[in-house]
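Notes for the structure review
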Amino acid sequence: MKIALVGYGVEGRASYNYFSRFPENEIVVFDEFSKRPRDLPSDVLFVTGEHALEELRSQHFDKVLRTPPLAPSKLEGVANVTSGTREFFAACPAPIIGVTGSKGKGTISSLIYEILKAAGKSVWLVGNIGMPALDVLPDVKSDDIVVYELSSFQLWDLERSPHTAVISMVEPEHLDVHANVDEYYQAKGNIRRHQTIEDNCFYHPTNEISKQIADMGGPHDPSERELWRSKSSRYAVPDDGAVYVKENTFFVRNQHICSAKILQLVGQHNVENACAAISAALVYTNDFDAVAMGLTNFKGLPHRLQLVNEKSDVKYYDDSIATTPGSAIAALGSFEAPKVLIVGGSDKGADFAELAREITKHKMRGVITIGAMGPIIADELRKADYTDITETEELMPSVVQLASNIAQAGDIVILSPSCASFDQYKNYADRGEQFTAAVANL
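About the criteria used
- Each chain has its residues counted from 1, running along the sequence as written.
- Totals for whole chains, interfaces and linings use all residues, but because this is a predicted model, local features are given only for residues with pLDDT of at least 70 and pairs of side-chain atoms are given and counted only at 80 or more.
- Values shown for side chains rest on all heavy atoms present in the structure; no hydrogens or waters enter the calculation.
- Each helix is a run of DSSP H or I of at least 4 residues and each strand a run of E of at least 2, with the numbering of both proceeding from the N terminus.
- Exposure classes here rest on a 1.4 Å probe applied to the protein chains alone. A residue is buried below 20% of its type maximum, exposed above 50%, and partly exposed in between.
- Should any heavy atoms of two residues lie within 4.5 Å, those residues are considered in contact.
- Only the protein chains shown count as covering a residue, and every accessible area follows the Shrake-Rupley method with a 1.4 Å probe.
- Charge counting treats Lys and Arg as positive and Asp and Glu as negative, with His and both chain ends excluded.
- Charge positions are represented by NZ for Lys, CZ for Arg, CG for Asp and CD for Glu.
- Only Phe, Tyr and Trp rings take part, Trp by its six-membered ring, and two of them pair if their centres are within 6.5 Å. Stacked means planes under 30 degrees apart, edge-to-face means over 60, and tilted covers everything else.
- When a carboxyl oxygen of Asp or Glu is within 4 Å of a side-chain nitrogen of Lys or Arg, the pair counts as a salt bridge.
- Here, the term nonpolar core denotes a set of buried Ala, Val, Leu, Ile, Met, Phe, Trp, Tyr and Cys residues that are joined through side-chain atoms within 4.5 Å.
- One requirement defines pairing of two strands: DSSP has to find at least two bridges between them.
- Axes here mean lines fitted to C-alpha atoms, for a helix over just the part in contact, with angles spanning 0 to 180 degrees between N-to-C directions.
- Angles are sorted into four bins: roughly parallel if under 35 degrees, roughly antiparallel if over 145, roughly perpendicular if 65 to 115, and oblique for all others.
- By the definition used in this description, the sense in which the near helix is turned from the far one sets the handedness, with an anticlockwise turn below a right angle giving left-handed and a clockwise turn giving right-handed.
- Side-chain classes are defined by residue name, with Ala, Val, Leu, Ile, Met, Phe, Trp, Tyr, Cys and Pro counting as nonpolar, Asp, Glu, Lys and Arg as charged, and the others, Gly among them, as polar.
- Here a helix's expected span is defined as the number of its residues, less one, multiplied by 1.5 Å.
- Two N or O atoms count as a polar contact when they lie within 3.5 Å, although within protein this holds only if one can serve as hydrogen donor and the other as acceptor, and sequence-adjacent residues are included solely when both atoms are side-chain atoms.

A tally of regular secondary structure across the chain gives 17 helices and 20 strands. Seen through its C-alpha atoms, the chain measures out along the principal axes to roughly 65 × 55 × 40 Å. Among the 442 residues that make up the chain, the fraction classed as buried is 55%. When contacts within the chain are restricted to residue pairs at least 6 apart in sequence, those whose partners lie at least 24 apart make up 68%. Carbon together with sulfur atoms contributes 47% to the accessible area of the chain, which is approximately 19,000 Å² in total. Placing the 42 positive and 59 negative side-chain charges of the chain at their respective mean positions leaves the two points 3 Å apart.

Enumeration according to the criterion identifies 9 aromatic pairs in this entry. Taking the centre distance of 5.7 Å and the plane angle of 90° together, the rings of Phe-30 and Phe-61 count as edge-to-face. Of this pair, Phe-30 sits in strand 2 (residues 26-31) while Phe-61 sits in the loop between helix 2 (52-57) and strand 4 (63-66), and the two are 31 residues apart along the sequence. A centroid spacing of 5.9 Å and a plane angle of 15° characterise the contact between Tyr-244 and Phe-251, whose relative ring orientation is stacked. Each member of the pair Tyr-244 and Phe-251 is classed as buried.

Turning our attention to the pattern of salt bridges. Summed over the entire model, instances satisfying the criterion amount to 17 salt bridges. Residues Glu-159 and Arg-86 are paired through a salt bridge, measuring 3.0 Å at the closest nitrogen-oxygen approach. In this pair, Glu-159 sits in the loop between helix 6 (152-155) and strand 9 (164-167) while Arg-86 sits in helix 3 (residues 84-91), placing the two residues 73 residues apart along the sequence. Since its relative accessible area comes to 18%, Arg-86 is described here as buried. Between Lys-348 and Glu-173 there is a salt bridge; the shortest N-O distance is 2.6 Å. Of this pair, Lys-348 sits in the loop between strand 17 (339-344) and helix 14 (353-359) while Glu-173 is found in the loop between strand 9 and helix 7 (181-188), placing the two residues 175 residues apart along the sequence. Look at Lys-348 and you get buried, because its relative accessible area is 9%. Take Glu-173: its relative accessible area is 5%, and that puts it in the buried class. Taken together, the shared-partner salt bridges connect Arg-66, Arg-86, Asp-157 and Glu-159 into one network.

Membership of the largest hydrophobic core comes to 42 residues, with the highest contact counts inside it found for Phe-88, Cys-92, Val-146, Tyr-148 and Ile-167. Per-element tally for this core: the top contributor is helix 1 (residues 10-19), with 4 residues. Setting aside its immediate chain neighbours within four residues, Val-146 contacts Phe-88, Cys-92, Ala-94, Pro-95, Ile-96, Ile-97, Trp-124, Val-126 and Val-140. One finds Val-99, Phe-250, Leu-263 and Leu-265 within the second-largest nonpolar core, a separate group that totals 37 residues.

Reading across from one edge, 3-2-1-4-5 is the order of the 5 strands in this open sheet, with parallel pairing throughout. Of all the strands in the sheet, just strand 3 (45-48) and strand 5 (81-83) have a single pairing partner and so form its edges. Across the sheet, the mean angle from the axis of one strand to that of its neighbour is 25°, orientation sign disregarded. By the bridge criterion, 4 bridges tie strand 1 (residues 2-6) to strand 4 in an arrangement that is parallel.

Attention shifts here to unusual backbone geometry. Even without glycine at this site, His-174 takes up a positive phi of about 55°. Looking at the secondary structure, you find His-174 in the loop between strand 9 and helix 7. Backbone geometry at Leu-305 places phi at a positive 50°, although glycine is not the residue there. Its place among the elements puts Leu-305 in the loop between helix 12 (288-297) and strand 15 (306-311).

The subject of this paragraph is the packing of helix 4 (residues 105-118) against helix 11 (residues 268-281). The N-to-C vectors of helix 4 and helix 11 enclose an angle of 45°; their axes lie 8 Å apart at closest approach. Between helix 4 and helix 11, the interaxial angle falls into the category oblique. Taken as a pair, helix 4 and helix 11 cross one another with a handedness that is right-handed. Residue-level contacts link Thr-107, Ile-108, Leu-111, Ile-112, Ile-115 and Leu-116 of helix 4 to Asn-270, Asn-273, Ala-274, Ala-276, Ala-277, Ile-278, Ala-280 and Ala-281 of helix 11. Taken together, the residues that form the contact of helix 4 with helix 11 break down as 11 nonpolar, 3 polar and no charged.

Our next topic: helix 17 (residues 428-440). Note: α-helices contain 3.6 residues per turn, so residues at a spacing of three or four share the same orientation. Helix length check: helix 17, at 13 residues, gives a terminal C-alpha distance of 18 Å against a target of 18 Å (1.5 Å per residue), a fit within 8%. Within helix 17 the residues assigned to the buried category are Asp-430, Arg-431, Gly-432, Phe-435, Ala-438 and Val-439. Two or three places before Ala-429, at the opening of helix 17, Asn-427 has a side-chain oxygen 3.1 Å from that residue's backbone nitrogen.

Turning to the environment of Ile-108, a few remarks are in order. For Ile-108, the position within the fold is in helix 4. The class of Ile-108 is buried, set by a relative accessible area of 0%. With 41 residues separating them along the chain, Ile-108 and Glu-149 place their C-alpha atoms 8.8 Å apart. Setting aside chain neighbours within four positions, we find Ile-108 in contact with Val-99, Val-166, Ser-168, Tyr-235, Asn-273, Ala-276 and Ala-277.

A word on the side chain of Asn-207. By the secondary structure assignment, Asn-207 is in the loop between strand 10 (200-203) and helix 9 (208-214). With a relative accessible area of 11%, Asn-207 lands in the buried category. Leave out the neighbours within four places in its chain, and Asn-207 touches Ser-168, Met-169 and Val-170.

Time to look at the pairing of strand 20 (residues 412-415). By the alternation rule, side chains of strand 20 split into Ile-412 and Ile-414 and Val-413 and Leu-415, which are all buried. Across 4 bridges, strand 16 (residues 314-318) lies against strand 20 in parallel orientation. In the sheet register, Tyr-316 faces strand 20, and the bridge partner there is Val-413. Bridge count between strand 17 and strand 20: 4 bridges; the pairing is parallel. Counterpart to Lys-339 in the pairing with strand 20 is Ile-412.

Nothing here speaks to function; it is geometry throughout.
Written out as structure tokens, the structure reads:
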């Protein structure tokens with residue numbers, strides 16, 4: 001089989017490893033922007049440069065695997081286009097729990113994984129939060145369970161939906177890649193669009209976009225569609241039969257599951273995330289003790305509202321993964337104490353007006369704006385009549401020192417940038433690590 005890999009990032013490497021297991025496969029790698037990767041075997045043809053996709057179109061391939069951030073429209077006219085995600089869904093013998101959203105999907109995916117693992121299930125965590133899916137596919141058995149965190153890029157052209165779908169809070173994101181917000185929402189919709197009446201969907205209790213996505217697709221027959229809709233439930237509310245919280249206790253259909261106080265994560269949004277995760281996990285286990293154990297075992301993910309240090313009675317939280325305004329809003333809502341917020345970075349097409357308005361409602365000691373979007377965010381803050389703003393173009397050591405100078409004993413300093421990181425840092429992890437190091441050096 002002749003196979004083209006378009007892009008050779010994390011998923012491209014996984015695709016190469018998966019398909020190169022078969023000696024009869026001939027693999028060619030196309031990449032418009034990169035130099036030849038050092039780890040690509042020397043006998044594999046690598047086509048790069050601005051004409052790479054034209055070269056791709058001039059040849060016939062049995063499979064063309066699209067790298068996730070590449071818009072399907074860029075491969076218009078190319079036959080047999082697929083992706084690592086599509087290949088996994090087509091070949092996976094086990095049930096798949098898919099999780100998407102603009103925020104919370106990594107935490108929800110990890111909590112589902114921990115609960116099912118505690119229940120004694122053989123479970124795989126793949127996608128953005130875990131290993132590339134094709135790396136584990138050869139080892140997945142039919143009685144396993146796969147938890148797959150799905151970005152809009154992975155969902156973009158997906159033609160199958162997971163057996164259980166979870167849709168967390170959705171807001172405009174990745175508008176630097178998607179043509180418009182509707183394209184982004186439609187891509188997200190593929191997590192639900194191809195589900196059958198045998199499948200399940202849990203969606204955010206108050207987010208209107210999540211609700212709309214949960215209603216995308218389904219059977220055309222009215223009676224079947226009604227049954228399909230009945231398998232879609234809001235989580236974190238008592239009305240729909242999913243998991244909710246009452247009196248600091250998780251419940252499902254009036255059954256006591258466990259105390260909510262054992263959750264190791266801060267913030268009301270994480271209580272909702274736990275409701276989503278438990279709801280999905282209970283499709284596959286009735287073990288409430290395992291739910292409690294899973295919630296207890298999960299301490300949070302790096303760079304997701306993670307307490308990294310306390311200096312001079314000021315707590316410093318790394319929320320570098322927060323690349324949308326909604327994520328920063330959730331972070332602010334997690335604390336009662338006065339806060340210093342560090343916000344800014346590279347553009348993803350977000351609107352900061354709501355974040356600016358939200359900041360005026362909190363006990364704020366100040367806001368430090370950073371990076372390419374810093375001046376734009378500062379302008380939005382002034383429009384909302386918030387003026388305790390420090391603008392800087394410096395990197396983390398200076399930024400953290402500024403935050404330390406502003407904060408008082410008992411305050412919270414939060415790096416919750418609401419933006420991508422690529423203007424000043426390699427990625428969000430690099431940004432978070434530099435923040436952590438700067439705090440340690442105070």
